[in-house]
Amino acid sequence: MTGKYFQREVLPVTALVIMECANVGLNTLFKAATLQGMSFHVFIVYSYGLAALLLLPSLFFSYRLDYSFFLPH
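Given the structure is predicted, the values throughout are model-derived calculations rather than measurements.

The helix and strand inventory of the chain stands at three helices and zero strands. Counting every position in the chain, which comprises 73 residues, the buried fraction comes to 4%. Accessible area for the chain stands at about 7200 Å²; split by element, carbon and sulfur atoms hold 72% of it.

Here it is in structure tokens:
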């Protein structure tokens, strides 16, 4: 019962709060970087690069028992 409550109620709200905090942090970093003269395009490249480095390890921690979904039939 507690696990189902956690998945349905607590987890989505926690994810929402984390994403909003990340959004505010990214906007703050963008404002500070542009005030010091960084180009918008350079900031986007750095942001995407950092996101890729942070998300890349998730490939190794996620698991899928049946990989036949990706293989051609």
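Having seen it, we continue.
Let us look at helix 2 (residues 40–55). Between its first and last C-alpha, helix 2 extends 22 Å over 16 residues, near the 22 Å set by a 1.5 Å rise per residue. For helix 2, the capping residue at the N-terminal end is Ser 39, with a side-chain oxygen 3.3 Å from the backbone nitrogen of His 41.

Bringing the packing of aromatic side chains into the picture now. Considering all chains together, one arrives at two aromatic pairs under this definition. On the basis of an interplanar angle of 90 degrees and a centroid distance of 5.9 Å, the ring pair of Phe 30 and Phe 40 is categorised as edge-to-face. Placement of Phe 30 in helix 1 (residues 2–35) and of Phe 40 in helix 2 is noted, with a sequence separation of 10 residues between them.

Turning our eyes to something else, we now look at a nonpolar patch on the surface. Where nonpolar side chains cluster on the molecular surface, the patch consists of Leu 56, Leu 59, Phe 60 and Phe 61 and spans about 540 Å² of accessible area. Along the polypeptide, Phe 60 turns up in helix 3 (residues 58–61).

Inspection of the secondary structure assignment puts Leu 26 in helix 1. Separated by 21 residues in the primary sequence, Leu 26 and Ser 47 place their C-alpha atoms 8.6 Å from one another. Those residues in contact with Leu 26 that sit more than four places away from it in its chain are Phe 43 and Ser 47.

With that settled, consider the confidence of the model for the chain. This prediction gives the chain a mean pLDDT of 84; 82% of its residues lie at or above 70. Mean pLDDT values over the elements of the chain span from 78, in helix 3, up to 92, in helix 2.

What counts as what
Residues numbered from 1 in each chain as written. Predicted model: local features only at pLDDT ≥ 70, side-chain atom pairs only at ≥ 80, totals over all residues. Heavy atoms only, no water. Helix = DSSP H or I, 4+ residues; strand = E, 2+ residues; numbered from the N terminus. Buried < 20%, exposed > 50% of the residue type's maximum accessible area, 1.4 Å probe, protein only. Areas by Shrake-Rupley, 256 points an atom, 1.4 Å probe, with all protein chains shown as cover. Expected span 1.5 Å × (residues − 1). Polar contact = N/O pair within 3.5 Å; in protein donor to acceptor, adjacent residues only side chain to side chain. Phe/Tyr/Trp six-rings, centres within 6.5 Å; stacked < 30°, edge-to-face > 60°. Patch = residues over 30% accessible without salt bridge, like charges linked within 9 Å, V, L, I, M, F, W, Y side chains within 5 Å. Salt bridge = Lys/Arg side-chain N within 4 Å of Asp/Glu carboxyl O. Contact = heavy atoms within 4.5 Å. pLDDT = per-residue confidence, 0-100.

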